[in-house]
Amino acid sequence: MTTNSLETALEGAIRALGANTFHGLFAAAVRAIIDYDNVISMIWTGPASPVVVYKDYRGSNVFRRLEEDYLSAAFQLDPFYRYHLDGAKPGSYRLLEISPDNFTRSKYYEWYYGDLGISDEITLFCPIGKQMTATVSIGTSTTSNTRFSAKSERRLRQYEGVLLALLSRHFELQFPKTARPSQEAALSTQLKMALEDIHDIKLSNRQAEVAILILQGHSSESVALMLDISPQTVKVFRKQLYKRCKITSQAELFSLLMPLLER
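The present account deals with the structure reproduced in this document. (Residues numbered from 1 in each chain as written. Predicted model: local features only at pLDDT ≥ 70, side-chain atom pairs only at ≥ 80, totals over all residues. Heavy atoms only, no water.)

## Some remarks on the sheet that holds strand β4 (residues 118-128)
- Spatially, the five strands line up as an open sheet ordered β2-β1-β5-β4-β3, and their pairing is antiparallel. Here the strands that pair on one side only, and so sit at the sheet edges, are β2 (51-57) and β3 (91-93). Each strand axis lies, on average, 15 degrees off the axis of its neighbour in the sheet, ignoring direction.
- One ladder, built from three bridges, connects β3 with β4; its direction is antiparallel. Residue pairing across strands places Tyr93 opposite Thr123, the latter belonging to β4. (Pairing = 2+ DSSP bridges. Helix = DSSP H or I, 4+ residues; strand = E, 2+ residues; numbered from the N terminus. Axes fitted to C-alpha atoms, helices over the stretch in contact; angles between N-to-C directions.)

As structure tokens, then:
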């Protein structure tokens, strides 16, 4: 892509700041920097389901499970969700850079990411105050069977500051600070209540926290660091959790809790 084409694309995005047409023009500017097969822009607000503001793809439809699975419940186990809640730092990241240590071995990763047909993905994170985050994920699909080259990634990072500045300014215009919502109950608390209401299974707060972290792809050692307890204590909580739920594996835990997350 020529420098003139990039300048034209960036000019279009700048002129659309604060308008609904911004997202498509911003995606065009990104494509002028780094070619991709699919793009999706979302707004994350507290623990709520993210809102999709723009998406586009060529080749295989990597968004076919977006509405039914991801937005309805699965997002709550996603590293993007956790990074947003923990106060995402602005920048571009690959999925595994912000994932738990055991993420690729988790049932959730196998169930969702293993079926999407994405070969590579890089996501821009743009915090909007304390409780909102904008993300723009660009990817390559198994249809094209390519990954982003080191040169393409360097070019994206070269323009990262400009892209983040555009995103930040756009959302400042769309979401004044006075209009930003407050936090809701923690996911583990909601899950604990639903499990008791639906299955009459009573978990302690710590057991519910351990359950969520396991499903998100954390190992016992990682859970220990997250909760500031020993790995041995994590194993005790995990054993108690499985006993109370009358299960013996992470797959059974996933099957039990996923319908509750959908609620």
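There is more to say, and it comes next.
## Brief notes about the nonpolar core
- Formed by 53 residues in total, the largest nonpolar core has its most connected members in Tyr70, Tyr108 and Leu257.
- Counting residues per element, the ones that place at least two in this core are β1 (38-45), α3 (66-71), α4 (79-85), α8 (187-199), α9 (205-216), α10 (220-227), α11 (231-245) and α12 (250-262).
- Here Leu257 is in contact with Leu191, Leu195, Ala211 and Leu215, once residues within four sequence places are set aside.
- Residues Ile33, Cys126, Tyr159 and Leu163 belong to the second largest nonpolar core, which totals 32 residues. (Core = buried A, V, L, I, M, F, W, Y, C linked by side-chain atoms within 4.5 Å. Buried < 20%, exposed > 50% of the residue type's maximum accessible area, 1.4 Å probe, protein only. Contact = heavy atoms within 4.5 Å.)

## Observations concerning the pattern of salt bridges
- A full pass over the atoms with the stated rule returns 16 salt bridges.
- In this structure, Arg65 engages Asp69 in a salt bridge whose closest nitrogen and oxygen atoms are separated by 2.8 Å. Neither residue differs from the other here; Arg65 and Asp69 are each classed as buried.
- Note that Lys107 and Glu110 form a salt bridge whose closest N and O atoms lie 3.7 Å from each other. Taken together, the residues Lys107 and Glu110, both in helix α5 (residues 107-111) and three residues apart, mark about one turn of the helix.
- By relative accessible area, which is 26% here, Lys107 ends up partly exposed.
- One network of salt bridges, in which partners are shared, links Arg94, Asp120, Arg147, Glu153, Arg157 and Glu160. (Salt bridge = Lys/Arg side-chain N within 4 Å of Asp/Glu carboxyl O.)

## A closer look at the pairing of strand β5 (residues 132-141)
- Within β5, ten of the ten residues are buried, which leaves it mostly tucked inside the rest of the structure.
- Where burial is concerned, the two faces of β5 agree: the one with Met132, Ala134, Val136, Ile138 and Thr140 and the one with Thr133, Thr135, Ser137, Gly139 and Ser141 are both buried.
- Where β1 and β5 come together, eight bridges link them in antiparallel fashion. Counterpart to Ser41 in the pairing with β5 is Val136.
- As paired elements, β4 and β5 share ten bridges and run antiparallel to each other. Across the sheet, the residue bridging to Ile118 is Ser141, located in β5.
- Where β4 hands over to β5, the hairpin turn is made up of three residues, of which Gly129 adopts a positive phi near 75 degrees.

In short, shape yes, function no, at least from these values alone.
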